[in-house]
Protein chains: 2
Amino acid sequence: MRRIPRIRVYGMEQITGKNNDRVKDAAKLVRSAAYRRETGRFVTEGVRLCLDALTTGLAPLAAFVTRDRLDRSEKELAPLLDSAGRAFLIGGDAAAKLSDTQGDQGIFCVWQMLDKSGETDTIKDSGRYIALENIQNPDNLGACLRTAEALGLDGAIVSGGCDLYNPKTLRASMGSALRLPVTRVDSMTETVPALRDRDFRVYACVVSGYDMTVLEMDRTAGLVCVIGNEGNGLTPQTAAACTGRLTIPMRGRAESLNAAQAAALVMWEMMR
Amino acid sequence: MRRIPRIRVYGMEQITGKNNDRVKDAAKLVRSAAYRRETGRFVTEGVRLCLDALTTGLAPLAAFVTRDRLDRSEKELAPLLDSAGRAFLIGGDAAAKLSDTQGDQGIFCVWQMLDKSGETDTIKDSGRYIALENIQNPDNLGACLRTAEALGLDGAIVSGGCDLYNPKTLRASMGSALRLPVTRVDSMTETVPALRDRDFRVYACVVSGYDMTVLEMDRTAGLVCVIGNEGNGLTPQTAAACTGRLTIPMRGRAESLNAAQAAALVMWEMMR
C-alpha cells in the first residue's frame, strides 16, 4: 500500500527560500515587540512551547515546519498541524530566519494573543499574585512567571515594558507565560489602590526605605507583592500606593538582588 | 597656571584605531573562555566593575579608557589609572571592539586571575556554601553569586562549565564573582565526599527522587547545597555522593525552576 505523502495529509503548502511574505511576516513578529502589539499576534518556537500554547485552547493561525523536524516529530506535531489555520513546509534558510536562537528548532507557530489588558476582574479575591512593574529583561520576566507557576501563585499582574510575547520571555518561562493567568495593566500605580479596595494586602518590594522584612508580611488576606524595574526599582508613586514596603534582609556586601531572584524569594515567602 | 594634560598625568599611551595588538589581545580575552584560561587573564568593563576588581586587591595589568569616559569619570578612575601597569587612551572603535554589549562603557581593565583551583582548604569549617556543578548560562551563574553574597553565604564552589570570568558572569554578578570567595574544583563528585569527611552536610538539589524538602535540611553543621546544570540537573554520581537529596516543593504545572531561581530559594533556606 502506498503511503500518502505527509504534506498532503496535513494539507501543507511548500515554501521555498526565505523571502516568502508569510515567512517575513512571522520573522517580524519574532523580532519586533511593536509589530506584535500592532497585530496582536506572536510566534512560538519549538515542539514543547508550541504544544504548550495549544493546550491553552488556542489554535495556531499558521504553522511552519522543516522536513527534518516533521520526520523526527510527526506524531507530536500532528495535533498542531491538524488545528493550524495553514501549515507550511519550509527549508533551513527560512527556519533560521524565523528563529531567535542559533540552531533553530524547525517548528514555529503564529498565534493570536489573548487580550488580557485590564482584566483585573479576573483577579481572584484572596488570591496570591506577583506584580511586575516594567521588568525589561525577558529572561527575568520569563523566570518570574515560571517560578510563579511552579510555586502555585494564582497569577501575575504586569505593566510597562513587560514583554510577555517576546520569544525570550516565552522560552525562559518554559510556557508559563502562556499557562499562568496574567493580567496586563496600563498603570501599576493606579492598579494598587484598586486592589487594596478589594482587601488585598499589596506590598512594595524595596531595597531601602522599608517598614518590614519579607518575613513579616500579612498573609491572612489576598496578597500581591510588587517588584520593580531591574535598574530603577519601583516607581515612587507605586511604592507609595502600597499597604507597606518590605525588603529581603541582606547580610553581604552585594547591595541588592537581581529582580528575578528577589521575586523568587518574595513568592516563596508568599506561599509558605 | 597651565593644566598638565591628563594623558601625561597618568602616563597614558594613545592608541589609534582598533587593530592595535593590545586591543586585539584584550578583545580576545573578552570573547574567548579558552584564551582566558590559557593566559590566566580576564577583562572587566565599566567604572563600577573595574573599581570592584580593584578593591579585591588586584592591580590592572592594563587599562583602556576613552576620552569621553576620562572626561566624565576622571576622579573615580584615578586609582585605577594610577595602579594600572599600563594605561591607554583609546577611540570609540576600539571601545566598541572591547565591549561585549551594545553601547560600551568606555573603560576596560585587564587583570590576572587569582588561581582558585582546588583550594578547598580555604573552605571554612561550619561555613555555608553554594556548590554549582556545570552551570553554563553566565547570567545564571552571575545571579547565583550575587545572591550568595547578598544573603551572606561564606562562598561558592564551582565545577565544570561555570565560567567565572565571562564578561556576562561578571556583569550579572555585579562584582560578586570577584568579591565572594569562590573555589574551583575539577570534580564535584570527588569534592562532595571530601566535604562530608569534614563534617559538612552536603545536599543535592533535585526535582525528583528526593528524600526531603528544602525545609528539612540539617543546618546545625557546615552546610553545602549543590545545584546542577540547567538542562540536565546534577550528575547522578554527584547526587549519589551527597548526604541527602532535597527538593523545592512545587504546586503548579511548571515542572521545575530555572537553576538560578532554585539556587536563590535554597540559599535563602540555608541562611534562615
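Higher on the page you've got the structure.
Every value quoted in this text rests on a predicted model; they were computed, and no experiment measured them. (Residues numbered from 1 in each chain as written. Chains lettered and ligands numbered in written order. Predicted model: local features only at pLDDT ≥ 70, side-chain atom pairs only at ≥ 80, totals over all residues. Heavy atoms only, no water.)

Caption draft 1: How the structure looks around the pattern of salt bridges. Residues and elements named next belong to chain A. Counting across every chain of the model gives 28 salt bridges over all chains. D100 is the partner of K168 in a salt bridge, and the nearest nitrogen-oxygen pair spans 3.8 Å. Of this pair, K168 sits in helix 8 (residues 167–172) while D100 sits in the loop between helix 6 (92–98) and strand 5 (107–112), placing them 68 residues apart in sequence. Judged by relative accessible area, K168 falls into the partly exposed class, the value being 35%. Between R179 and E149 there is a salt bridge; the shortest N-O distance is 2.9 Å. You can see R179 sitting in helix 9 (residues 176–179) and its partner E149 sitting in helix 7 (residues 138–151), a full 30 residues away along the chain. Through salt bridges that share partners, R48, D52, E149 and R179 make up one connected network. (Salt bridge = Lys/Arg side-chain N within 4 Å of Asp/Glu carboxyl O. Helix = DSSP H or I, 4+ residues; strand = E, 2+ residues; numbered from the N terminus. Buried < 20%, exposed > 50% of the residue type's maximum accessible area, 1.4 Å probe, protein only.)

Caption draft 2: How the structure looks around the sheet that holds strand 11 (residues 223–227) of chain B. Residues and elements named next belong to chain B. Across the sheet, seven strands lie side by side as 8-7-6-11-9-12-10; this open sheet has parallel pairing. Two strands bound the open sheet, and with one partner strand each, they are strand 8 (182–184) and strand 10 (212–213). Relative to strand 7 (residues 155–159), strand 6 (residues 128–133) runs parallel, the two being bridged by five bridges. Bridging from a neighbouring strand, Y129 pairs with G155 of strand 7. Strands strand 6, strand 9 (201–205) and strand 11 of the sheet are contacted by helix 12 (residues 259–270), whose axis makes an angle of about 165 degrees with strand 11. (Pairing = 2+ DSSP bridges. Contact = heavy atoms within 4.5 Å. Axes fitted to C-alpha atoms, helices over the stretch in contact; angles between N-to-C directions.)

Caption draft 3: Seen up close, the interface of chain B and chain A. Contacts between the two partners involve 32 residues from chain B, matched on the other side by 32 residues from chain A. Each partner contributes to the roughly 2,900 Å² buried at the junction of chain B and chain A, and carbon and sulfur atoms together form 53% of this total. R272 of chain B is the salt-bridge partner of E269 of chain A, the closest N and O atoms lying 2.8 Å from each other. Counting across the interface, chain B meets chain A through 16 residue pairs in polar contact (both at pLDDT 80 or more). Those elements that provide at least two residues to the side of chain B that touches chain A are helix 7 (138–151), helix 9 (176–179) and helix 12 of chain B. In terms of residues, the side of chain B that touches chain A owes the most to one element, helix 7 of chain B, which gives seven residues. (Buried area = accessible area lost by both parts, 1.4 Å probe. Polar contact = N/O pair within 3.5 Å; in protein donor to acceptor, adjacent residues only side chain to side chain.)

Caption draft 4: Up close: unusual backbone geometry. Not every positive phi belongs to a glycine, and S126 of chain A is a case in point at roughly 65 degrees. Its location among the elements puts S126 of chain A in the loop between strand 5 and strand 6 (128–133). Accessibility expressed as a relative area gives 57% for S126 of chain A, which makes it exposed. In this model, M174 of chain B sits at a positive phi of 50 degrees, which is unusual for a non-glycine residue. For M174 of chain B, the location among the structural elements is in the loop between helix 8 (167–172) and helix 9.

Caption draft 5: Here's a closer look at the sheet that holds strand 4 (residues 86–90) of chain A. Residue and element names in this part refer to chain A. Taken in spatial order, the five strands line up as 1-4-3-5-2 in an open sheet, and their pairing is mixed. Each edge of the open sheet carries a strand with a single partner, namely strand 1 (13–14) and strand 2 (41–45). Across five bridges, the pairing between strand 3 (residues 62–66) and strand 4 is parallel. Paired with A63 across the strands is A87, a residue of strand 4. Running over the sheet, helix 2 (residues 21–31) touches strand 2, strand 3, strand 4 and strand 5 and is turned about 90 degrees from strand 2. In the packing of helix 4 (residues 47–55) onto the sheet, the strands contacted are strand 2 and strand 5, and the crossing angle to strand 5 comes to about 25 degrees.

Caption draft 6: How the structure looks around the environment of G222 of chain A. Residues and elements named next belong to chain A. In this fold, G222 is placed in the loop between strand 10 (212–213) and strand 11 (223–227). Between the C-alpha atoms of G222 and R201, which are 21 residues apart in sequence, the distance is 6.1 Å. Sequence-distant contacts of G222, that is, excluding residues within four places in its chain, are made with S126, G127, D199, F200 and R201.

Caption draft 7: Layout of the nonpolar core. Within the largest apolar cluster, 130 residues are counted, with the highest numbers of intra-cluster contacts made by L132 of chain A together with L132 of chain B. Excluding residues that lie within four positions of it along the chain, L132 of chain A makes contacts with L141, C144, L145, I157, V158, S159, C162, M188 and I227 of chain A. (Core = buried A, V, L, I, M, F, W, Y, C linked by side-chain atoms within 4.5 Å.)

Caption draft 8: A look at the relation of the copies chain B and chain A. Superposing chain B onto chain A takes a rotation of 180 degrees combined with a translation of 0.0 Å along the rotation axis, leaving an RMSD of 0.0 Å. The superposition operator between the copies reduces to a two-fold rotation axis. (Least-squares fit on C-alpha atoms with pLDDT ≥ 70 in both.)

Caption draft 9: Seen up close, the packing of aromatic side chains. The final tally for this structure, using the stated rule, is six aromatic pairs over all chains. Their ring planes at 20 degrees and their centres at 5.2 Å tell us that F64 of chain A and F88 of chain A sit as a pair that is stacked. Of the two residues, F64 of chain A is situated in strand 3 and F88 of chain A in strand 4; the sequence distance between them amounts to 24 residues. For the residue pair F64 of chain A and F88 of chain A, the accessibility class agrees, reading buried in each case. Measuring from centroid to centroid gives 6.3 Å for Y129 of chain B and F200 of chain B, while their planes differ by 70 degrees, and the two rings are edge-to-face. Residue Y129 of chain B is located in strand 6, and its partner F200 of chain B is located in the loop between helix 10 (188–197) and strand 9; the two are separated by 71 residues in the primary sequence. When sorted by exposure, Y129 of chain B lands in the same class as F200 of chain B, which is buried. Looking at K28 of chain B, its charged tip hangs above the ring of Y35 of chain B, at a distance of 4.4 Å from the centre. (Phe/Tyr/Trp six-rings, centres within 6.5 Å; stacked < 30°, edge-to-face > 60°. Lys NZ or Arg CZ within 6 Å of the ring centre and 35° of its normal.)

Caption draft 10: Here's a closer look at the environment of M212 of chain B. Residues and elements named next belong to chain B. When you line up the elements, M212 lands in strand 10. On the basis of relative accessible area, M212 is assigned to the buried category, the value being 16%. For the pair M212 and T247, spaced 35 residues apart in sequence, the C-alpha to C-alpha distance is 6.6 Å. Not counting residues up to four positions away in its chain, the partners in contact with M212 are Y203, M217, G244, R245, L246 and T247.

Caption draft 11: Up close: the packing of helix 4 (residues 47–55) of chain B against helix 5 (residues 67–83) of chain B. All names here are of chain B. Close contact between helix 4 and helix 5 brings their axes to 10 Å; oriented N to C, the two are set at 15 degrees. Here helix 5 runs roughly parallel to helix 4, going by the angle between their axes. Judged by the sense of rotation from one axis to the other, the crossing of helix 4 with helix 5 is left-handed. Judged by residue contacts, V47, C50, L51 and L54 of helix 4 engage R69, S73, E76, L77, P79, L80 and S83 from helix 5. Along the lines of polarity and charge, the residues of the contact of helix 4 with helix 5 split into seven nonpolar, two polar and two charged. (Parallel < 35°, antiparallel > 145°, perpendicular 65-115°, else oblique. Left-handed = near helix turned anticlockwise from the far one by under 90°. Nonpolar A, V, L, I, M, F, W, Y, C, P; charged D, E, K, R; others polar.)

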